[in-house]
There are 2 protein chains.
Amino acid sequence: MTVLILTSEQDVTADMVVAELSGAGVPVVRLDPADLPGPVALSGEYVHGAYRGHVSTGDRLVSTNGLRSIWVRRPGVPATRVAEPSVWLTEESAQALYGMLHSTGARWMNRPDAARRARHKPWQLRVAQCSGLPVPATLITTVPQAAREFAERFPDLVVKPVSGTHPQDPPRAVPTTRIAPDADFSAVAFGPTLLQRRIAKRADIRLTAVGDRLLAARKPAVPDADHVDVRFSPSTEPWQPVNVPPRIATSVHDYLRQAELAYGAFDFAEDADGIWWFLECNQSGQFGFIEMDTGQPIARTIAEWLARHEPDSTSRPVGPLRMTR
Amino acid sequence: MTVLILTSEQDVTADMVVAELSGAGVPVVRLDPADLPGPVALSGEYVHGAYRGHVSTGDRLVSTNGLRSIWVRRPGVPATRVAEPSVWLTEESAQALYGMLHSTGARWMNRPDAARRARHKPWQLRVAQCSGLPVPATLITTVPQAAREFAERFPDLVVKPVSGTHPQDPPRAVPTTRIAPDADFSAVAFGPTLLQRRIAKRADIRLTAVGDRLLAARKPAVPDADHVDVRFSPSTEPWQPVNVPPRIATSVHDYLRQAELAYGAFDFAEDADGIWWFLECNQSGQFGFIEMDTGQPIARTIAEWLARHEPDSTSRPVGPLRMTR
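Residues numbered from 1 in each chain as written. Chains lettered and ligands numbered in written order. Predicted model: local features only at pLDDT ≥ 70, side-chain atom pairs only at ≥ 80, totals over all residues. Heavy atoms only, no water.

A. Quick peek at the sheet that holds strand 2 (residues 28–31) of chain A. All names here are of chain A. Strand order in the open sheet formed by four strands is 2-1-6-7, with parallel pairing between adjacent strands. Single-partner strands in this sheet number two, and they are strand 2 and strand 7 (107–109). Shown here is a sheet whose adjacent strand axes are inclined to one another by a mean of 15 degrees, direction ignored. For strand 1 (residues 2–6) and strand 6 (residues 67–72), the ladder comprises five bridges, and the chain directions are parallel. Following the sheet pairing, V3 is matched in strand 6 by S69. Against the sheet, helix 1 (residues 12–23) makes contact with strand 1, strand 2 and strand 6, and its axis sits at roughly 165 degrees relative to strand 2, the strand it touches most. (Pairing = 2+ DSSP bridges. Helix = DSSP H or I, 4+ residues; strand = E, 2+ residues; numbered from the N terminus. Axes fitted to C-alpha atoms, helices over the stretch in contact; angles between N-to-C directions. Contact = heavy atoms within 4.5 Å.)

See the structure below:
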């Protein structure tokens, strides 16, 4: 039973996990969907009520029925390395590859449809609320008057993009910034704007969830309150491992269950009272920098999750994406 | 409690359903996401563990907590009617709108994530197999040798696109065509190809599923066997209502449950033995032409599904997209 990793060629984070899997003697096939068709080939057959297929790359060939898990790391867009790329060929290739992989009984980290839904920030806030996580008061709006009224109630505000990362290539992170309550909010009519009560934080928390395992790290905040975004903060303090409060652990497990995610990188802001405020959950968040600072075995934990055999895969219910083979 | 319809302005199919809803006195708001931001505005607030929001268009304003259902008909791409469209603004607007709508307890026809997954043809074939529907032997491949071997076993073949419709604007349907078993299959290496055993059909079947209601129609096939694709067939016979065999009904219900769809347009080919062979399920398939020919009340059935009140929405489990408000 093989682990399939979908990612681009240059991916040191994937390299860490591949090394763990190889060290444990687990067969791994790694491929980039951008190489289909061409170096990556596939074939799937539906005959007499049964399905069998295979995917090959270079000299490696794996039966889709022999997959134990699929890790969707940083896959390229299908059919983008062919001589004449087209939207149509990309669509055909994506449908063929992901449709076939969905037809297997393999476990996903993360399932593409769940991953896509999980990117919606407004939905994240609602799932966090429903999971019992503290969520800072937030407004998402295109209505200037709504923004003004919110700023009156919560004068200490930050503004963020709704969708997270600017979709240029390479992606550009847009920093979270403070905004004055008497700001001119008329421009929100031209694009949805996310306003959030600023948490006076004493630390940033990154909680990495891998299946049932939770690994949290903490980084003290810099005293200068203008630096609200840890990614742009001048702090040179390293991340340190920190215990996860039991109530937070329960809520995070609940969040992952609702979102149907096997992996999530949660960002919290810890305030002066020690409360962890939910900021976001990135279903494809990086973890290498945390592992480097803290020594927490995140790559190994992911490898263990990917390598795990289901207790009895044949007894699983026939249901969405959990079909028996 | 309001029904929200996401579709473009010119949509006679939506008009039919709106007329049914209005006739029954059910409040309806219809909007095109392409008009956000601008004519369509939104605002959502997450405060003290609760969520409340609203969407407005023209002089209509609807509370997202007051939505009973959302019909995703033919929505435009968000933010494409602004003065300066951009990928970034589209992403921000899509996240804001769909993220907020996902935060409501409204029922979806169909949920965007389920709809997206349901478009995968290889996955459709597998779900159909697992639901007990007869599926013609099918191969999806980029491997010429696999295509040749399949053609030897099943010499009477048709070839189809994997993904359905050519994504040009306006969309162009690619006809299903017969292919000789001694054809040169070397070109499949350049793009995934779907080969399927041809069903010698005596009729085409269109089964429209709306929640638990199944409405099937039948159109006799033309004798000329070269016309395998009903969309390009010269038949002038009208569609006629036909009863759904109980075994097919059970399987279709199972398919919809697995695919988490509230609406699906199933295409079958009926062979000389009366067997209905599954060809595909289009989660956004048209139904106007069937209603016109058969008089089947499909628009009214959709309106009834959209108008239905859940027996007790507050007792629903907190789960993916079924969150309590």
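Once you've had a look at it, read on.
B. Structural view of the sheet that holds strand 4 (residues 50–57) of chain B. In spatial order, the strands read 12(A)-9(A)-13(A)-8(A)-3(B)-4(B)-5(B); together these seven strands make up an open sheet with antiparallel pairing. Lying at the two open borders of the sheet, with one neighbouring strand each, are strand 12 (177–179) of chain A together with strand 5 (60–63) of chain B. Averaged over all neighbouring strand pairs, the angle between strand axes comes to 20 degrees, with direction disregarded. Bridging between strand 9 (residues 157–160) of chain A and strand 12 of chain A involves three bridges; their strand directions are antiparallel. Bridge pairing links V159 of chain A to T177 of chain A in strand 12 of chain A. Those strands touched by helix 4 (residues 121–130) of chain A are strand 8 (138–141) and strand 13 (193–197) of chain A together with strand 3 (40–47) and strand 4 of chain B, and its axis lies near 30 degrees from that of strand 3 of chain B. Seen against the sheet, helix 2 (residues 87–102) of chain B touches strand 8 of chain A together with strand 3 and strand 4 of chain B and runs at an angle of roughly 55 degrees to strand 3 of chain B.

C. The relation of the copies chain A and chain B, seen in detail. Between chain A and chain B, which share one sequence, the superposing operator has a rotation angle of 180 degrees and an axial displacement of 0.0 Å; the RMSD is 0.0 Å. The operation mapping one copy onto its partner corresponds to a two-fold rotation axis. Among all C-alpha atoms of chain A, that of D113 of chain A lies closest to the rotation axis, at 2.8 Å. In this assembly, 100% of the residues forming the interface of chain A have copies in chain B that are likewise at the interface, indicating an isologous arrangement. (Least-squares fit on C-alpha atoms with pLDDT ≥ 70 in both.)

D. Structural detail: the UniProt feature "domain: MvdD-like pre-ATP grasp" (unreviewed entry) in chain A. UniProt tags residues 2–112 of chain A as "domain: MvdD-like pre-ATP grasp" (unreviewed entry). Span residues 2–112 of chain A is 26% helix and 34% strand, its end C-alpha atoms 19 Å apart. (UniProt positions renumbered as here; feature names shortened; annotations may be inferred.)

E. Structural view of the pattern of salt bridges. A full pass over the atoms with the stated rule returns 36 salt bridges over all chains. In this structure, the salt-bridge partner of D15 of chain A is R30 of chain A, at a minimum N-O distance of 2.7 Å. Taken together, the residues D15 of chain A in helix 1 and R30 of chain A in strand 2 connect sequence positions 15 residues apart. Between D204 of chain A and K201 of chain A there is a salt bridge whose closest N-O contact spans 2.8 Å. Grouping residues by exposure puts D204 of chain A and K201 of chain A together as buried. Among the charged side chains, a salt-bridge network with shared partners connects R111, D113, R117 and E260 of chain A together with R111, D113, R117 and E260 of chain B. (Salt bridge = Lys/Arg side-chain N within 4 Å of Asp/Glu carboxyl O. Buried < 20%, exposed > 50% of the residue type's maximum accessible area, 1.4 Å probe, protein only.)

F. Inspection of the domain arrangement of chain A at higher detail. Once the domains are mapped, chain A shows domain 1 (2–105), domain 2 (110–136 + 200–325) and domain 3 (137–197). Centre-to-centre, using C-alpha coordinates, domain 1 of chain A lies 39 Å away from domain 3 of chain A. (Domains from an automatic or database assignment.)

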